[in-house]
Amino acid sequence: PSIAQEVVGLFCMVLLTLIALVANTGVMVIILKTPLLRKFIFVCHLCVVDLLSAIFLMPLGIISSFSCFNRVIYSIAECQALIFLNICFISASILTISIISVERYYYIVHPMRYEVKMTIRLAVAGVIFIWVKSVLITVLALVDWPQGNGATSASRCTVYWSPGAHKEVFVIIFSIVCFVLPTIIIFAVYCSIYRVARMASLQHVPAPAQTVVPRHRSDSIDSQLAITTRNLPLPSLIPERFLGSNKAICTLVLIVGQFLCCWLPFFAFHLHSSVATGTVSGGHGEMVVTWIAYSSFAINPFFYGLLNRQIREELARLRRSCLNRPLGQEICLSVSEASVQENFLQFFQRATCTLETHTSCISPSPRNRLDQTKVGFPIPGQVPEESS
């Protein structure tokens, strides 16, 4: 590539690295600092993994991607360590995303079971499972490596160039365990969540208009009109339901699509290069797919951290404390926003939260009290819980 292309590529890589460092650090600090958010263990763990990737993998990826670093030489042990970190962090990040998806599914579809069984011990066991599985997969990549005091250039110290005798077997297992299975899990889970949320938007939204008016037959016309308007404006019921459905589809496409866009090229490239015969050097193709995958480390804190309403609220409080501005409407959503405009997103944004987080607004305004009463409503499509 030309010098201009290398400069643009270097700028994009440095920018992605900085975004990953700042965003993951910010979300992680917010979660650890706020007691009500400490139940976001897997989101915090994802930020830790992505932060470690931004510290170790992305700078080393910059070194291995440009010709100006061709003189950088790694020993066999250093190259093994680099590939170990690469595969281990990638596996841990993807497996954490899969567990977050399953956790959200249980919180929405099996809320009572989630509240009982989702303990700190289970969360810690999940984190240990992630790292054990990641390390085992990584060890497989380092089987039958050449021993000795040899050396290799930075550009050749990658998964594509790894000289292991069982590289083909590793790449197939790596692709199935860390991409194919997580993709199936994520897609199935979010389709189930979408189905539950869509049933809720179709069945729960028109309920106030049907139940409020008969119960207040003796009230004045003005009070009936005020109650009906406060709960949900009837003229906008159909377009709001339509917008909520579109938002649900867009959210599902964004979450699943982001995962596929980041990781499909990476695994497809390595799977094809290891299985196909007569392949040539990885060259710039490997660099492109690797950095598309690395972009996930910068995107994840936005999709799995800042998408959550409680984390956004805490960031708004932090901004308010820095600027000395009143909360106003920065924190608590209005009733219409919570029930219609956030129709589908609120299922994701409230995922992995305990019931205490519904009282996280500063003042017990009528708006907040009304929002808190929604906790007791059954969500259409939820699996009935067995009483123990």
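Calculation notes
Residues numbered from 1 in each chain as written. Predicted model: local features only at pLDDT ≥ 70, side-chain atom pairs only at ≥ 80, totals over all residues. Heavy atoms only, no water. Helix = DSSP H or I, 4+ residues; strand = E, 2+ residues; numbered from the N terminus. Polar contact = N/O pair within 3.5 Å; in protein donor to acceptor, adjacent residues only side chain to side chain. Contact = heavy atoms within 4.5 Å. Salt bridge = Lys/Arg side-chain N within 4 Å of Asp/Glu carboxyl O. Buried < 20%, exposed > 50% of the residue type's maximum accessible area, 1.4 Å probe, protein only. Core = buried A, V, L, I, M, F, W, Y, C linked by side-chain atoms within 4.5 Å. Disulfide = S-S within 2.5 Å. Expected span 1.5 Å × (residues − 1). Arc of directions from axis to C-beta. Axes fitted to C-alpha atoms, helices over the stretch in contact; angles between N-to-C directions. Parallel < 35°, antiparallel > 145°, perpendicular 65-115°, else oblique. Left-handed = near helix turned anticlockwise from the far one by under 90°. Nonpolar A, V, L, I, M, F, W, Y, C, P; charged D, E, K, R; others polar. UniProt positions renumbered as here; feature names shortened; annotations may be inferred. Patch = residues over 30% accessible without salt bridge, like charges linked within 9 Å, V, L, I, M, F, W, Y side chains within 5 Å. Areas by Shrake-Rupley, 256 points an atom, 1.4 Å probe, with all protein chains shown as cover.

Peer 1: Would you explain the side chain of Thr17 in this entry?
Peer 2: Here Thr17 lies in helix H1 (residues 3–33). A distance of 2.8 Å separates a polar atom in the side chain of Thr17 from the backbone oxygen of Met13. Contact partners of Thr17, with chain neighbours within four places excluded, come to Ala54, Met58, Ile62 and Trp291.

Peer 1: Would you mind showing me how to read the pattern of salt bridges here?
Peer 2: Should their charged atoms come close, side chains of opposite charge can pair. This model, assessed by the stated rule, comprises one salt bridge. Put simply, Arg317 and Glu314 hold a salt bridge, and the shortest N to O gap is 3.3 Å. In this pair, Arg317 and Glu314 are both assigned in helix H11 (residues 309–323), three residues apart and thus about one turn of the helix distant. Given a relative accessible area of 17%, Arg317 falls into the buried group. Exposure remark for Glu314: the relative accessible area of 17% places this residue in the buried category.

Peer 1: Is there a simple way to think about the nonpolar core in this case?
Peer 2: Nonpolar side chains in soluble globular proteins tend to be buried together. Core analysis: the biggest nonpolar cluster contains 71 residues, and Ile87, Phe170, Phe174, Tyr190, Trp263, Phe267 and Phe297 have the highest contact counts within it. For this core, the elements supplying multiple residues, two or more each, are H1, helix H2 (41–63), helix H3 (76–109), helix H5 (120–141), helix H6 (167–203), helix H9 (237–275) and helix H10 (283–306). With sequence-adjacent residues up to four places away left out, Phe170 is seen in contact with Ile87, Ile137, Leu140, Ala141 and Val159.

Peer 1: How should the environment of Ile97 be read in this particular structure?
Peer 2: Within the element layout of this structure, Ile97 appears in helix H3. Using a relative accessible area of 0% as the deciding quantity, one classes Ile97 as buried. Sequence-wise, Ile97 and Tyr304 are 207 residues apart; in three dimensions their C-alpha atoms are separated by 8.5 Å. Every residue in contact with Ile97, bar those within four places of it in the chain, is listed here: Leu46, Ile186, Phe259, Asn300 and Tyr304.

Peer 1: It is not clear to me how the state of the cysteines should be interpreted in this structure. Could you clarify?
Peer 2: The bond known as a disulfide is covalent and runs between the sulfur atoms of two cysteines. If you walk through the whole model with that rule in mind, you get one disulfide. Between the sulfur of Cys79 and that of Cys157 lies a disulfide, 2.1 Å long from S to S. An S-S torsion of about 120° defines the bridge between Cys79 and Cys157 as right-handed. Here Cys157 lies in the loop between strand E2 (151–153) and H6 and Cys79 lies in helix H3, a separation of 78 residues in the sequence.

Peer 1: Honestly, H5 in this entry has me stumped. Any pointers?
Peer 2: Since the α-helix advances by 3.6 residues per turn, residues separated by three or four positions end up pointing in the same direction. The end-to-end C-alpha distance of H5, which contains 22 residues, comes to 32 Å, matching closely the 32 Å that a straight helix rising 1.5 Å per residue would cover. Regarding H5, the residues found buried are Ala123, Gly126, Val127, Ile130, Ser134, Ile137, Thr138 and Ala141. The buried residues of H5 occupy an angular sector of 100° when projected down its axis, which confines them to one face. Structural note: H5 exposes Arg121 and Leu136 on the side pointing more than 90 degrees away from its buried face.

Peer 1: Would you mind showing me how to read the packing of H2 against H5 here?
Peer 2: Axis angle and axis distance: for two packed helices, these are the angle between their axes and the distance between the axes, and together they describe the pair. With their axes 10 Å apart at the nearest point, H2 and H5 run at an angle of 30° to one another. Between H2 and H5, the crossing angle belongs to the class labelled roughly parallel. Note that H2 runs across H5; the crossing there is right-handed. On the side of H2, the interface is formed by Ile41, Phe42, His45 and Val49, while H5 contributes Ile120, Ala123, Gly126, Val127, Ile130 and Trp131. Along the lines of polarity and charge, the residues of the contact of H2 with H5 split into eight nonpolar, two polar and no charged.

Peer 1: Whenever I open this one, the UniProt feature "transmembrane region" (unreviewed entry) in the protein chain confuses me. Can you help?
Peer 2: Under the local residue numbering, the UniProt record ascribes the feature "transmembrane region" (unreviewed entry) to residues 6–31, 40–63, 83–102, 122–143, 169–193, 248–268 and 288–307. Taken end to end, residues 6–31 has its terminal C-alpha atoms 37 Å apart, with 100% of it in helix and 0% in strand.

Peer 1: Would you take a moment to explain the packing of H1 against H2 for this structure?
Peer 2: Running from N to C, H1 and H2 cross one another at 155°; their axes reach a closest spacing of 9 Å. Regarding the angle of H1 to H2, the classification is roughly antiparallel. In this structure, H1 meets H2 at a crossing whose hand is left-handed.

Peer 1: How should a nonpolar patch on the surface be read in this particular structure?
Peer 2: A contiguous nonpolar patch, built from Ile172, Ile176, Val180, Leu181, Ile184, Leu271 and Val275 and spanning about 550 Å² of accessible area, is present on the exposed surface. Sorting the residues of the nonpolar patch by element identifies H6 and H9 as the ones contributing at least two each. No other element matches the five residues that H6 contributes to the nonpolar patch. Among the residues examined, Ile184 registers a relative accessible area of 53% and is labelled exposed.

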